[in-house]
Amino acid sequence: MAITAAIISGLVIVFFIFAGLYADVLWFDQIGFLSVLTTQWIAGTVLFLIGFVAMALPVWVSIQLAYRLRPVYAKLNSQLDRYQQVIEPLRRLAMYGIPALLGLFAGVAAATRWQVALMWLNRTPTGRTDPQFGFDVSFYLFDLPFFQSVLGFASAVVLLAAIVAAATSYLYGAIRVSGRDVLVARAARIQIAVTAGLYLLLQAVSIWLDQYTTLSDANELFTGAGYTDVNATIPGRAILAGIAAVVAILFFVTAVIGRWRLPIVGTALLIVSSLLLGSLYPWVVQRFQVDPSAKTLESEYIKRNIDLTRDAYGLADVEEVPYNAKTTAEPGALRADAETTANIRILDPALVSDAFSQLEQFKQYYQFPSNLDVDRYTIDDKSQDTVVAVRDLKLSGLNAGATWVNSTIVYTHGYGVVAAYGNQRSADGQPVFLESGIPSSGSLGKYEPRVYFGESSPVYSIVGAPEGTKPVELDYPSGVDGAQQTYTTFTGNAGPKLDNPFNKLIYALKFQSEQIFLANAVNEKSQILYDRDPVTRVQKAAPYLTLDSDAYPSVVDGRLKWIVDGYTTSATYPYSTPVGLSDAIADTETPPQPFALDTINYMRNSVKATVDAYDGSVTLYAWDDEDPLLKTWQKIFPSTLKPISEMSGQLMSHVRYPADLFKVQRKVLGKYHVTDPGSFYSVDDAWTTPNDPVSPSTNTTLQPPYYLTMQVPGSKDPAFTLYSTFIPDATGATSRNVLTGYLAVDADAGSTDGKRAPGYGKIRLLTLPKDDTVPGPGQVQAKFNADPTVSTQLNLLKQGQSKVLNGNLLTLPVGGGLLYVQPVYVQSTGETSYPLLQKVLVAFGDQIAFEDTLDKALDVLFGGDSGANAGDTAVPPSTTTPQAPGTTTPPTSTGDPVKDAELKSLLAVAKQALGDKQAALTAGDFAAYGVADKKLADTIASMLALLG
């Protein structure tokens with residue numbers, strides 16, 4: 001009975017495993033990437049078998065030799081005799097079980113290294129040699145990691161074989177301890193000596209290879225082999241490798257002559273040599289030769305580090321542009337930057353999600369992401385920066401209606417993309433949509449709006465039905481009031497088919513839902529959609545890629561596509577400084593990842609991927625076909641990537657320079673913008689990314705880079721650009737929030753079929769003069785907050801049940817200087833409230849302006865006429881301050897200079913009254929609080945009377 005139960009349990013477990021594997025086959029086959037799965041399986045299986053045999057066989061042979069060559073008449077002590085009596089009944093099981101168990105673990109470990117093995121088998125030369133040994137860089141990318149893995153595995157095999165041999169020999173009397181003497185039988189001596197010799201030979205090879213790892217080892221100042229490494233560590237390791245090989249030979253000699261003295265002396269010599277050559281000699285060279293003259297001696301090696309680090313991160317061709325930024329705002333200063341000022345984005349994608357939700361969500365089962373994306377579209381023959389979002393499905397909004405049928409069969413997809421002008425706002429501060437509504441309408445043309453594959457799609461949905469069947473999938477609510485519903489039936493090919501009972505059973509087991517097998521809504525035309533997040537789909541189709549943290553939607557060729565950037569990375573590029581990827585990309589928009597183990601020192605944006613929002617189809621394009629890592633992976637997974645020539649012009653127009661790569665590059669350039677070894681050594685010009693001025697002081701985060709259409713100094717024309725800023729890298733009393741650099745990259749790939757724009761990816765670094773002070777984002781935000789007029793108006797905006805939200809602080813190199821622009825939103829505290837753009841703050845040098853529109857603010861800032869128009873010139877002028885829902889904010893301008901002066905005086909009184917109220921409340925003086933409150937009310941009444 002017990003045996004029967006065990007067999008049945010085993011069969012059930014096997015079937016569950018088979019169900020998972022078979023489901024993977026169906027999924028990969030459906031998206032056309034079955035070869036990716038089978039290649040991994042074949043590689044993993046082969047490596048598992050190699051690892052199993054390579055471990056189990058030597059261990060088994062070692063046990064067998066130790067047992068079969070044991071002394072027949074060995075005298076055992078009573079304790080060993082008892083051990084033998086206990087173990088003897090299990091001896092045969094142990095002799096096969098121990099090697100099998102170790103082989104199982106070794107096979108699993110080997111299978112996980114399938115990428116390293118396949119990359120070595122398909123390695124591609126880079127055409128660049130390292131400056132120390134003259135090897136092609138591919139040796140460090142492909143060969144060295146593979147050799148180290150093989151040596152580590154082989155060393156573990158030999159070591160374990162030696163341990164089991166020694167244990168068996170001791171158990172059966174081949175090794176005996178008699179007082180101070182250790183007696184070793186001849187057979188055991190030969191076996192142990194040969195095994196030890198093999199182990200030391202492997203260590204000799206490993207030590208020899210350790211010479212090359214110095215090129216990616218980090219020291220206190222830079223990464224790579226420095227003076228001490230080149231003149232002490234590397235020669236020392238070569239000598240140690242030779243000594244280890246000699247000692248290995250001595251062990252082989254011992255196996256023949258039977259004397260342990262020579263290998264023991266040799267081993268002692270090896271240990272002493274490793275201390276002298278591996279530690280003491282390099283320390284002496286560093287301490288007494290390098291440290292006193294480090295700036296001179298390390299100069300050559302610092303230069304290597306600078307050059308190869310910039311090369312590894314794609315920074316070799318950064319164009320430095322001296323930018324003598326003005327700090328005085330003069331009339332007409334923006335005339336030469338008219339196209340840039342017309343495209344300044346005043347809509348903050350991190351704040352307007354609630355506005356999108358309240359205005360465009362329509363139903364509780366739809367949602368928008370908390371952070372929207374920035375894209376651009378050609379509207380009326382002009383490129384227009386837009387803030388875009390997908391109206392995705394939200395099953396939690398169904399509440400009590402979230403039955404299995406509703407969650408799986410009825411509510412299956414989101415609907416449409418919503419896009420707003422980045423540089424416009426309505427008169428009351430709402431976004432101005434260029435694409436909106438259900439059904440979708442606007443300037444983006446006709447496209448397939450249904451979103452079956454999105455960032456918030458359900459875990460799985462079942463779609464499809466025979467032709468002529470009444471549709472059951474909710475498409476969208478008809479009419480504004482949503483009184484009627486429109487239904488649809490999915491007609492694409494997006495998931496594995498559930499056209500037979502076996503497939504239904506497979507997926508019922510996978511998702512642990514008997515409904516999949518029993519429901520009558522599941523028919524011969526049904527498909528099951530899962531793994532629907534765009535990043536997940538691309539990761540499964542291309543497991544060798546590191547993917548960007550932000551997939552963004554675009555309407556391309558009549559389809560809604562998710563665009564995902566893929567990177568090839570390495571941590572073994574010679575002389576390149578490593579960066580923690582998760583740490584480098586963390587900022588206000590990208591939270592840090594705890595316990596991230598993703599250190600890299602080489603990165604390329606090698607692949608652009610798209611995922612169709614309707615049918616989930618994944619397309620990979622080889623964006624950087626010169627990247628040796630991508631070339632290698634193309635050999636491993638042939639026919640899975642398409643050439644760039646197959647990208648349509650519309651897709652090209654929405655491809656952008658990826659933010660994660662740019663964040664890594666800006667982190668590296670904070671230190672490696674310095675190309676002079678002497679200055680680099682002195683660390684006299686290190687930069688860092690400023691903290692986001694709108695992040696809370698208790699949890700500061702770095703300011704993210706921003707996409708803007710602008711003309712960067714040094715470029716010929718305006719372009720869609722990604723930028724960031726730099727301030728001095730200092731803390732404490734020495735820190736200064738002044739700008740030292742402005743980093744921008746041309747993010748526009750053009751709109752020509754299969755051809756990248758010549759300027760795409762061009763990185764420009766504007767270096768600001770060291771003898772002048774240009775305020776950084778932190779200083780500008782502080783100036784905004786401290787200005788009496790601004791703070792008074794903000795306090796008035798906060799009256800009632802409202803709160804003021806500062807938007808992203810943008811920095812633009814225009815007018816010969818640096819212009820700061822920050823939208824200011826007002827939001828009531830009601831449940832259905834959303835932020836409304838009410839004001840715009842601008843700054844240039846030490847001057848600031850605070851007005852209802854960006855256009856007016858620029859004119860005020862630049863002496864009455866900036867010389868150019870902003871994109872929000874169409875906003876109707878208002879004689880009253882725009883209000884957020886639930887507020888009663890008084891106006892701040894009358895148009896009459898005399899009345900405005902009186903109004904300004906009243907604003908100062910109101911500000912003082914507000915301060916008195918707060919002080920009284922803090923002190924618990926409610927009488928004083930009442931007096932201050934009445935004064936504030938009287939002042940506001942006077943302002944209202946003044947304005948009629």
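Residues numbered from 1 in each chain as written. Predicted model: local features only at pLDDT ≥ 70, side-chain atom pairs only at ≥ 80, totals over all residues. Heavy atoms only, no water.

A.B. asks: Give me the overall build of the protein: which residues, what numbers.
C.D. replies: Per the secondary structure count, the protein includes 27 helices and 34 strands. A principal-axis box enclosing the C-alpha atoms of the protein has dimensions of 120 × 80 × 65 Å. The buried share of the protein, reckoned over its 948 residues, is 51%. A sequence separation of at least 24 residues applies to 70% of the contacts in the protein between residues at least 6 apart. Total accessible area on the protein stands at roughly 42,000 Å², and carbon and sulfur atoms take up 57% of it. (Helix = DSSP H or I, 4+ residues; strand = E, 2+ residues; numbered from the N terminus. Buried < 20%, exposed > 50% of the residue type's maximum accessible area, 1.4 Å probe, protein only. Contact = heavy atoms within 4.5 Å. Areas by Shrake-Rupley, 256 points an atom, 1.4 Å probe, with all protein chains shown as cover.)

A.B. asks: Would you mind going over the packing of aromatic side chains in detail, with residue names and values included?
C.D. replies: Going through the model one piece at a time under the given rule, you end up with 43 aromatic pairs. Ring geometry for Trp27 versus Phe28: centroids 5.0 Å apart, planes at 75°, classification edge-to-face. For the pair Trp27 and Phe28, a shared accessibility class is recorded, and that class is buried. Arranged with centres 6.3 Å apart and planes meeting at 75°, the rings of Trp114 and Trp633 form a pair that is edge-to-face. In this pair, Trp114 is assigned in helix H5 (residues 114-121) and Trp633 in helix H19 (residues 628-636), connecting sequence segments 519 residues apart. An aromatic cluster of three or more residues is present, and its members are Phe133, Phe135, Phe139, Tyr140 and Tyr212. (Phe/Tyr/Trp six-rings, centres within 6.5 Å; stacked < 30°, edge-to-face > 60°.)

A.B. asks: Can you explain a nonpolar patch on the surface? Please cite residues and give values.
C.D. replies: On the surface, Val272, Leu276, Leu280, Trp283, Val284 and Phe288 cluster together into a nonpolar patch covering about 580 Å² of accessible area. Relative to the assigned elements, Phe288 resides in helix H9 (residues 261-290). (Patch = residues over 30% accessible without salt bridge, like charges linked within 9 Å, V, L, I, M, F, W, Y side chains within 5 Å. Salt bridge = Lys/Arg side-chain N within 4 Å of Asp/Glu carboxyl O.)

A.B. asks: How would you sum up the pairing of strand E18 (residues 552-556)? Please name residues and give values.
C.D. replies: In terms of burial, E18 is a largely internal element, five of the five residues being buried. The antiparallel pairing of E18 with strand E19 (residues 559-570) creates a hairpin that spans two residues between the two strands, and Asp557 there sits at a positive phi of about 50°. (Pairing = 2+ DSSP bridges.)

A.B. asks: How would you sum up the nonpolar core? Please name residues and give values.
C.D. replies: Tyr507, Ile516, Ile528, Tyr544 and Leu620 are the most contacted members of the largest nonpolar core, which totals 140 residues. A total of eight residues in this core trace back to one element, the largest contributor, which is helix H6 (residues 138-171). Not counting chain neighbours up to four residues away, the residues in contact with Ile516 comprise Trp404, Tyr460, Ile462, Leu498, Lys504, Tyr507, Ala508, Phe511, Val522 and Ile528. By size, the runner-up hydrophobic cluster in this structure holds 60 residues, among which are Val826, Val840, Ala849 and Leu858. (Core = buried A, V, L, I, M, F, W, Y, C linked by side-chain atoms within 4.5 Å.)

A.B. asks: Explain H5 residue by residue, including any values.
C.D. replies: Among all positions of H5, only Trp114, Val116, Ala117, Leu118 and Met119 are buried. Turning to H5, the residues buried within the fold contact helix H2 (34-68), helix H4 (91-111), H6 and H19.

A.B. asks: Before we move on, could you go through the pairing of strand E23 (residues 618-622) and cite the residues and values that matter?
C.D. replies: Of all five residues in E23, five are buried, a share of seventy percent or more. Where burial is concerned, the two faces of E23 agree: the one with Val618, Leu620 and Ala622 and the one with Thr619 and Tyr621 are both buried. Judged from the five bridges that link them, strand E22 (residues 602-612) and E23 form a sheet pairing that is antiparallel. From the neighbouring strand, Thr610 faces E23, where its bridge partner is Thr619. Taking the residues between adjacent antiparallel strands as the criterion, E22 and E23 are bridged by five residues, where Gly616 takes a positive phi near 70°. In this sheet, strand E24 (residues 642-643) lies alongside E23 in parallel orientation, the contact comprising two bridges. Within the sheet, the bridge partner assigned to Ala622 lies in E24 and is Pro643.

A.B. asks: How would you summarise the environment of Leu262 if you had to cite specific residues and measurements?
C.D. replies: For Leu262, the position within the fold is in helix H9. Distance from Leu262 to Pro99, taken between C-alpha atoms, is 32 Å for residues 163 residues apart in sequence.

A.B. asks: With reference to specific residues and values, describe empty space enclosed by the protein.
C.D. replies: A full pass over the atoms with the stated rule returns two cavities of 30 Å³ or more. Its residues assigned to classes, the lining of the largest cavity shows four nonpolar, one polar and three charged. There is about 40 Å³ of room inside the second largest cavity. Lining the second largest cavity are Asp548, Asp550, Tyr552, Asp565, Arg656, Pro658, Ala659 and Tyr707. Of the residues belonging to the lining of the second largest cavity, the class tally is four nonpolar, no polar and four charged. (1 Å grid on protein atoms, 1.4 Å probe; cavity = no way out; pocket = protein on both sides within 12 Å on 5 of 7 lines; lining within 4 Å. Points joined across faces, edges and corners; volume = space filled by probe spheres on them. Nonpolar A, V, L, I, M, F, W, Y, C, P; charged D, E, K, R; others polar.)

A.B. asks: Now, about unusual backbone geometry: what can you tell me, with residues and values included?
C.D. replies: Of the consecutive residues Ile438 and Pro439, the connecting peptide bond is found in the cis state with omega at -5°. By the secondary structure assignment, Pro439 is in the loop between strand E10 (433-436) and strand E11 (441-442). Positive phi outside glycine occurs at Asp381, with the angle close to 65°. Checked against the element boundaries, Asp381 lands in the loop between strand E5 (373-379) and strand E6 (382-390). Of note, the phi angle at Asn399 is positive, near 55°, even though the residue is not glycine. Summarising the element assignment, Asn399 is placed in the loop between strand E7 (392-393) and helix H14 (404-410). Accessibility expressed as a relative area gives 62% for Asn399, which makes it exposed.

A.B. asks: Can you lay out the packing of H2 against H6 for me, pointing to particular residues and giving the numbers?
C.D. replies: Relative orientation of the contacting elements H2 and H6 amounts to 25°, with a least axis distance of 8 Å. Looking at the two axes, H2 sits roughly parallel to H6. Between H2 and H6 lies a crossing of right-handed hand. Across the interface between the two elements, Gly51, Ala54, Met55, Pro58, Val59, Ser62, Ile63, Ala66 and Tyr67 of H2 pack against Phe153, Ala156, Val157, Leu160, Ala161, Val164, Ala165, Thr168 and Ser169 of H6. Here the residues of the contact of H2 with H6 are counted per class, giving 14 nonpolar, four polar and no charged. (Axes fitted to C-alpha atoms, helices over the stretch in contact; angles between N-to-C directions. Parallel < 35°, antiparallel > 145°, perpendicular 65-115°, else oblique. Left-handed = near helix turned anticlockwise from the far one by under 90°.)

A.B. asks: Give me H19: which residues, what numbers.
C.D. replies: Regarding H19, the residues found buried are Pro628, Leu629, Leu630, Thr632, Trp633 and Ile636. Considering only its buried residues, H19 is in contact with H2, H5, H6, E19, E22 and E23.

A.B. asks: Quick rundown of the confidence of the model for the protein? Include the residues and the values.
C.D. replies: In this model, the protein carries an average pLDDT of 89, and 91% of its residues clear a pLDDT of 70 or more. Contacts for the low-pLDDT stretch residues 876-892, under 50 throughout, to residues beyond four places or in other chains number 41 contacts. (pLDDT = per-residue confidence, 0-100.)

A.B. asks: Hey, could you go over the pattern of salt bridges for me, with residue numbers and the actual values?
C.D. replies: Summed over all chains, the structure comprises 25 salt bridges. For Arg335, the salt bridge is made with Asp865, and the minimal N-O distance between the two is 3.9 Å. Taken as a pair, Arg335 in the loop between strand E3 (319-322) and helix H12 (338-342) and Asp865 in the loop between helix H25 (854-861) and helix H26 (897-923) lie far apart in primary sequence, 530 residues in all. A salt bridge links Asp852 to Lys839, with the shortest nitrogen-to-oxygen separation between them at 2.7 Å. Here Asp852 is found in the loop between strand E34 (847-851) and H25, whereas its partner Lys839 is found in strand E33 (residues 836-844), with 13 residues between them in sequence. Comparing Asp852 with Lys839 shows no difference in burial state: the two are buried.

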